[in-house]
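If you want the building blocks of each chain, they are given just below.
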Amino acid sequence: MLDAGEAGYRSFLLASAAAVFPLEQALLTAGVDLLLPDWTRRTRAAALRADLTDLGITDVVLATAPPLAGAAGMFGALYVLEGSRLGARLLVPDLLAGGSTRVRAATRYLRHGEGHRLWQSFLAHLESSQPVRECPDEAIAGARIAFALFIAGRPEAGLRARRVAAETADAD
């Protein structure tokens, strides 16, 4: 996906949005801020939306995430989201080296959390979670929900997005 230039990067961001937007909303609805007091620092939806807008994508139609079962389920979904942040860091150097100016400017989502120890602090919360120790199956179910959303967002899975060119927006 990423080796296909700007179009490939847009596809990657759309696939990410298919998971990140509904997962973050489901987590917020379930009370994630009670599990992670620094949730507002962790959420990446605004950064992802800004990058999509920079690349001409103004409207994304997504499915909603199923409800997450309790604290253990939330931790499972969070494990996948926080892990995706680690993977994102590995993509930045290649995008900066070979991407267009627009692509290089639209890396807020991939760079989100740089300079913070978000993974380490997340692990501390996860490892000290009584609900995860008591209900590991719920944590696994939450992780599976998150992985399923990332998989469903791949372009071949039928994610729909409407791109609105700047010229069209200006014409209205």
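The residue count restarts for each chain, going from 1 along the sequence in the order it is written. Only residues with pLDDT of 70 or above have their local features reported here, since the model is predicted, and side-chain atom pairs are shown and tallied only from 80 upward, although totals for entire chains, interfaces and linings are computed over all residues. Heavy atoms throughout the structure, all of them, feed into the side-chain values; hydrogens and water do not.

Caption draft 1: Here's a closer look at the pattern of salt bridges. The working definition used for a salt bridge is a side-chain nitrogen of Lys or Arg within 4 Å of a carboxyl oxygen of Asp or Glu. This model, assessed by the stated rule, comprises nine salt bridges. Of the charged contacts in the structure, one is a salt bridge between Glu6 and Arg102, with a shortest N-O distance of 2.7 Å. Taken together, the residues span a long stretch of sequence, with Glu6 in helix α1 (residues 5–30) and Arg102 in helix α6 (residues 101–105) at a distance of 96 residues. Of the residues examined, Arg102 reaches a relative accessible area of 41% and is grouped as partly exposed. Between Asp51 and Arg108 there is a salt bridge, with its nearest N and O atoms 2.6 Å apart. Here the residue Asp51 occupies a position in helix α4 (residues 45–54), and Arg108 occupies one in helix α7 (residues 108–111), the gap between them amounting to 57 residues. With relative accessibility at 0%, the residue Asp51 sits in the buried group. Here a strand is any run of E in DSSP of at least two residues, a helix any run of H or I of at least four, and the numbering for each starts at the N terminus. Each residue is assigned to one of three classes by its accessible area relative to the maximum for its type, calculated with a 1.4 Å probe on protein chains only: buried under 20%, partly exposed between the two thresholds, exposed over 50%.

Caption draft 2: View of the packing of aromatic side chains. Pairing of aromatic rings covers Phe, Tyr and the six-membered ring of Trp, with a centre-to-centre limit of 6.5 Å; geometry is then stacked below 30 degrees between planes, edge-to-face above 60, and tilted otherwise. Enumeration according to the criterion identifies four aromatic pairs in this entry. Seen in terms of ring centroids, Tyr9 and Phe12 are 6.2 Å apart; in terms of plane orientation they differ by 15 degrees. Their pairing is stacked. One end of the pair, Tyr9, and the other, Phe12, are both in helix α1, three residues apart, so they sit about a helical turn from each other. An aromatic cluster is built from Phe75, Tyr79, Trp119 and Phe122, whose rings are joined through pairwise contacts.

Caption draft 3: Representation of the side chain of Arg42 within the structure. Mapped onto the fold, Arg42 is located in helix α3 (residues 39–42). Polar contact is the term for a pair of N or O atoms within 3.5 Å; when the atoms are in protein, one must be able to donate a hydrogen and the other to accept it, and sequence-neighboring residues count only if both atoms are side-chain atoms. Engagement of the side chain of Arg42 in a polar contact is seen with the side chain of Asp38, the distance being 2.9 Å. Side-chain polar atoms of Arg42 contact the side chain of Glu82, separated by 3.3 Å. In contact with Arg42, other than residues within four places in its own chain, are Glu24, Leu36, Glu82, Arg85, His112, Leu118, Ser121 and Phe122. In what follows, residue pairs with any heavy atoms lying within 4.5 Å of each other are defined as contacts.

Caption draft 4: Just the nonpolar core, in detail. Tyr9, Leu27 and Leu52 are the most contacted members of the largest nonpolar core, which has 46 residues in total. Every element with two or more residues in this core is listed here: α1, α2 (32–35), α4, β1 (57–61), α5 (70–98), α7, α8 (118–127) and α10 (136–152). If you tally residues by element for this core, the top one is α1, at eleven residues. When near neighbours in sequence (up to four residues on either side) are disregarded, Leu27 contacts Val32, Trp39, Leu68, Met74, Ala77, Leu78 and Leu81. Residues belong to a common nonpolar core when they are buried Ala, Val, Leu, Ile, Met, Phe, Trp, Tyr or Cys residues joined through side-chain atoms within 4.5 Å.

Caption draft 5: Spatial organisation of the confidence of the model for the chain. The predictor attaches a confidence to each residue, and that confidence, scored 0 to 100, is pLDDT. On average, residues of the chain carry a pLDDT of 84, and 86% of them reach 70 or more. Within the chain, helix α9 (residues 130–134) carries the highest mean pLDDT (97), whereas helix α11 (residues 166–171) carries the lowest (36). Considering only residues more than four positions removed or in separate chains, one finds that residues 157–172, a stretch of pLDDT under 50, has 23 contacts.

Caption draft 6: Main features of the packing of α1 against α4. With their axes 10 Å apart at the nearest point, α1 and α4 run at an angle of 150 degrees to one another. When the interaxial angle is binned, α1 and α4 end up roughly antiparallel. Handedness of the crossing formed by α1 with α4: left-handed. Contact residues: α1 offers Tyr9, Leu13, Leu14, Ser16, Ala17, Val20, Phe21 and Glu24, while α4 offers Ala45, Leu48, Arg49, Asp51 and Leu52. Here the term charged refers only to Asp, Glu, Lys and Arg, the term nonpolar to Ala, Val, Leu, Ile, Met, Phe, Trp, Tyr, Cys and Pro, and the term polar to all other amino acids, Gly among them. By residue class, the composition of the contact of α1 with α4 is nine nonpolar, one polar and three charged. Orientation is described by axes fitted as lines to C-alpha atoms, over the contacting stretch for helices, and by angles from 0 to 180 degrees between their N-to-C directions. For classification, angles of less than 35 degrees are called roughly parallel, those exceeding 145 degrees roughly antiparallel, those between 65 and 115 degrees roughly perpendicular, and all remaining angles oblique. If you view the pair so one helix is near and one far, a crossing is left-handed when the near helix is turned anticlockwise from the far one by less than a right angle, and right-handed when it is turned clockwise.

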